[in-house]
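Below, each chain spelled out in residue letters.
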Amino acid sequence: MKINIWSILKFFAYIAIIMFFLFPIAWIFNMSFMTNDEILRKVPVLFYEPTFKNYLGLWQGEIAIEGFATMYVYFKQNLINSAILSVGSVSVTLLLGVPAAYAFARYKFKGGEDIAFTLLSFRFAPALLIILPLNLYFSEIGLYDSYFALIWVYQLITLPLLLWIVRGYFEDISPDIEYAYRLDGHSWFQSFWRISIPLAKPGIAAASLLCFIYAWNNFVFALILGSSAIQPVTVGALAFITASAIPYGLIACGIVVSVLPTLILALFIQKYLVQGLSLGAIKG
Amino acid sequence: MKINRKLFPYVLTLPALLVCVGILIPFFTAVYYSLQRYNLKMPHMKGFIWFDNYVNIFTDPSFWNTIRVSLTYTFFTIIIELLLGLGIALLLAKRTWLNNVLGVLLVLPLMIAPALASLIWRLLINPNFGVVNYVLSFIGLDGFTWASHPDTVLFTLIMVDVWVFTPFIMILLLAGLRSLPRQPFEAAELDGVPEYYKFFRITLPMLFPFILTASLFRLLESIQQFDIIYALSQGGPGESSMVFQVSAYLQTFQYTNIGKAAAMMVVLWAICYFLCHVFVKQWHKLKIKTKGELLQ
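Reading the values: the criteria
Residues numbered from 1 in each chain as written. Chains lettered and ligands numbered in written order. Predicted model: local features only at pLDDT ≥ 70, side-chain atom pairs only at ≥ 80, totals over all residues. Helix = DSSP H or I, 4+ residues; strand = E, 2+ residues; numbered from the N terminus. Rg over C-alpha atoms; globule rule 2.2 N^0.38 Å. Buried ≥ 20, exposed ≤ 12 C-beta atoms within 10 Å, placed from the backbone. Contact = placed C-beta atoms within 7 Å. Domains from an automatic or database assignment. Axes fitted to C-alpha atoms, helices over the stretch in contact; angles between N-to-C directions. Parallel < 35°, antiparallel > 145°, perpendicular 65-115°, else oblique. Left-handed = near helix turned anticlockwise from the far one by under 90°. Nonpolar A, V, L, I, M, F, W, Y, C, P; charged D, E, K, R; others polar. Expected span 1.5 Å × (residues − 1). Bend = angle between axes of the 7 residues up to and from the residue. pLDDT = per-residue confidence, 0-100. Core = buried A, V, L, I, M, F, W, Y, C linked by C-beta atoms within 7 Å.

**Student:** Where do I start with the overall build of chain A in this structure?
**Tutor:** When helices and strands are counted, chain A shows 14 helices and two strands. Relative to the 2.2 N^0.38 estimate, which gives 19 Å for 284 residues, the radius of gyration of chain A is 24 Å and therefore markedly larger than a compact globule would have. In terms of overall dimensions, chain A has a C-alpha envelope of 75 × 70 × 35 Å along the principal axes. Counting all 284 residues of chain A, 45% fall into the buried class. Residue pairs at least 24 apart in sequence account for 75% of intrachain contacts in chain A once pairs closer than 6 positions are excluded.

**Student:** Please explain the overall build of chain B as it appears in this structure.
**Tutor:** For chain B, the count of helices and strands is 13 helices and two strands. Oriented by its inertia axes, the alpha-carbon framework of chain B measures out at about 80 × 75 × 35 Å. Per-residue burial over chain B gives 42% buried out of 296 residues. Sequence-distant contacts in chain B: of pairs separated by 6 or more residues, those separated by 24 or more amount to 70%.

**Student:** Help me out: how do you make sense of the domain arrangement of chain A in this one?
**Tutor:** One widely used convention gives an interface's size as the accessible area the parts lose upon coming together. Residues and elements named next belong to chain A. When cut into domains, chain A gives domain 1 (2–72) and domain 2 (75–277). Taken over C-alpha atoms, the centre of domain 1 sits 31 Å from the centre of domain 2. Listed as interface residues are 18 residues of domain 1 and, on the opposing side, 13 residues of domain 2. Mapped onto the side of domain 1 that touches domain 2, the elements with two or more residues apiece are helix 1 (2–31), helix 2 (36–39) and helix 3 (53–60). The biggest single contributor to the side of domain 1 that touches domain 2 is helix 3, with five residues.

**Student:** Is there a simple way to explain the packing of helix 10 (residues 201–217) of chain A against helix 13 (residues 248–268) of chain A in this structure?
**Tutor:** When two helices pack together, you describe them by how their axes are tilted relative to each other and by the distance separating the axes. Residue and element names in this part refer to chain A. Between helix 10 and helix 13, whose axes approach to 10 Å, the crossing angle comes to 160 degrees. The pairing of helix 10 with helix 13 is recorded here as roughly antiparallel in orientation. Every pair of crossing elements has a handedness; the one defined by helix 10 and helix 13 is left-handed. For the pair helix 10 and helix 13, the contacting residues are L209, F212, I213, W216 and N217 in the first and P261, T262, L265, A266 and F268 in the second. The class makeup of the residues in the contact of helix 10 with helix 13 is eight nonpolar, two polar and no charged.

**Student:** Honestly, helix 7 (residues 147–172) of chain A in this entry has me stumped. Any pointers?
**Tutor:** Residue and element names in this part refer to chain A. Over its 26 residues, helix 7 extends 36 Å from the first C-alpha to the last, a length consistent with the 38 Å expected when each residue adds 1.5 Å. Of all the bends in helix 7, the largest measures some 45 degrees and sits at L156, one to four residues before the proline P160. Counting buried residues in helix 7 gives 21 out of 26 residues, a clear majority hidden from the surface.

**Student:** Please clarify how the confidence of the model for chain B should be interpreted in this entry.
**Tutor:** Caution is warranted with low-pLDDT regions, since their predicted coordinates should not be read in detail. Residues and elements named next belong to chain B. Overall, the prediction assigns chain B a mean pLDDT of 84, with 94% of residues at 70 or greater. Helix 3 (residues 61–92) holds the highest mean pLDDT among the elements of chain B, 93, whereas strand 2 (residues 47–48) holds the lowest, 76. Contacts for the low-pLDDT stretch residues 291–296, under 50 throughout, to residues beyond four places or in other chains number eleven contacts. Our summary of model confidence lists the complex with pTM equal to 0.89 and ipTM equal to 0.89.

**Student:** How should the interface of chain A and chain B be read in this particular structure?
**Tutor:** Each partner contributes to the interface: chain A provides 74 residues, whereas chain B provides 68 residues. Residue composition of the side of chain A that touches chain B, grouped by class: 58 nonpolar, 13 polar and three charged.

**Student:** Just checking my understanding: could you explain the environment of A:I151 for this structure?
**Tutor:** Residues and elements named next belong to chain A. Tracing the backbone through its elements, the reader meets I151 in helix 7. A C-alpha to C-alpha distance of 46 Å links I151 and F11, two positions 140 residues apart in sequence. Setting aside its immediate chain neighbours within four residues, I151 contacts L85, G88, S89 and V92.

**Student:** Please explain the nonpolar core as it appears in this structure.
**Tutor:** Nonpolar side chains tend toward joint burial in soluble globular proteins. One finds A:V166, B:L172 and B:M265 to be the most contacted residues of the largest nonpolar core, which totals 169 residues. Ignoring any residue separated from it by four or fewer positions in sequence, one finds A:V166 in contact with A:G97, A:V98, A:A101, A:A200, A:G203, A:I204 and A:A207.

**Student:** How should I be thinking about the environment of B:G192 in this particular structure?
**Tutor:** Residue and element names in this part refer to chain B. In this structure, G192 sits in the loop between helix 9 (183–191) and helix 10 (195–222). Exposure remark for G192: the 6 C-beta atoms within 10 Å place this residue in the exposed category. Each C-alpha atom, one on G192 and one on W97, is 29 Å from the other, the two residues being 95 residues apart in sequence.

**Student:** Would you mind going over helix 12 (residues 233–242) of chain A with me for this structure?
**Tutor:** Along an α-helix, residues three or four positions apart point the same way, because every turn accommodates 3.6 residues. Across the ten residues that make up helix 12 of chain A, a large majority, seven, are buried. Every buried residue of helix 12 of chain A is accounted for by A:V233, A:T234, A:V235, A:G236, A:A237, A:L238 and A:F240. At its buried positions, helix 12 of chain A is contacted by helix 4 (75–106), helix 10, helix 11 (220–225) and helix 13 of chain A together with helix 6 (114–124) and helix 11 (227–232) of chain B.

**Student:** Even after reading the chapter, I still don't get the packing of helix 8 (residues 153–179) of chain B against helix 10 of chain B, so can you show me in this structure?
**Tutor:** Residue and element names in this part refer to chain B. For the pair helix 8 and helix 10, the least separation of the axes is 9 Å and the interaxial angle reads 155 degrees. Classified by the angle their axes make, helix 8 and helix 10 are roughly antiparallel. Of the two possible hands of crossing, helix 8 and helix 10 adopt the one that is right-handed. Residues D161, F165, F168, I169, L172, L173, G176 and L177 of helix 8 form the contact with helix 10, whose own contacting residues are L207, F210, I211, T213, A214, R218 and S222.

Here it is as structure tokens:
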């Protein structure tokens, strides 16, 4: 009997876990295909005719509400902003971070570890401590509300992430391969470009995808350092939900569109997730 | 390469460093602000007042409230996430088809922006149509107040935090569990050691480095949590969910009191630095203990 009780308990544990962690996501997807009337019913409807009106409205930027005039939403711009900020941040991070990661992995140099840890410590400093003064600075030098400034500040989270993950990958490559290639008369840059980078490519790819996810999910930087013109979906969606009279289906739809990119990317980097999330501290 | 060999690594790290020096400057500015009377609405009053801002916040009951709320939030999120994460990791440890699929799917909440996670839950617990309320009404919890009442708002916030970040603990511990050597378990099996003994004397100690790493990351994030709380309750109702960063945010943008906000953030930074220091020490000890096998 003992085994039976265990398996029943286990079964309920599985159900509870699935309900708590996955049901909210499923329900938001569900809501995004509903009309406002269907959502507002006291007893949730399970069977309904899915409508794509919300998605269409979100894309076109206007939605007709019965009894009201046409309503304008600007969510598309938030999506574009998110894309610009995330792609921009990851590109800058790759450019700055990969050579630095290589240096930390390959050379023992004075202050090297200190520099690496200083860079890491930025990730654990309270964001507002740095953003509040930056906010005043940026206003003064006219950088407030610019993609450039935001992408710069995003380096605070993406750079340490990439640095510490990619460093581990470079450390795994034997330096002898590079030496051999250089003995053949190739320059350092050639060996770096043709040997080291291709060998560390899976790590670099996974790290940049994770950086993309972190950049996409960031909220506080753009909330403080940008106006609605350059704010990403995370901030845009909050403005969306606090504005009155926007149909709930449209809000749900906005949320779905905002989380979909990161959810899909997450499936691609499964294998590297553990190492990435722990900044290389744990090898998955 | 014409560049001096000794200088070369510095050249490679220089661009990354420069970007971050740009970050260090505001850090010191913030510390400097914290020693000033600096209110944007009263620029002529600006001046050096040494530690008056610190004295002020520490004699202010609402700052003690902030500390209390922050620590409560941190304590409960970490404890619940650790227990739940460990439980799920143990449940999924065996490599079966179902466990592998669930291991992938359960990471999804972690990949959602915390601010958006708050919005998802806001739609789910909406007093008018929230589906969670509907489900709860079957077990007599009709009209649970969630974020709209001071007594339940922290519970709601902790629940969202648990929803987002338990997968973080789960995935790290699952990786840990699956990488443990088999021999000790086989030996225990041969000796007929009872299950609970195996768990407390073999599994847990071997898993400890993973638990420590996961807790460190969570601890530092949890005490600084802003996104979830700002998107769900903005510190309210009243000051019942006022944590450090939300408090500093309001102090800056509602009361324009830069000096006070900076002082609060410096206090938070000091707490984080202290926690980090304690943990890194433990981490190094463990690294030596495991001879760099588990932790790199």
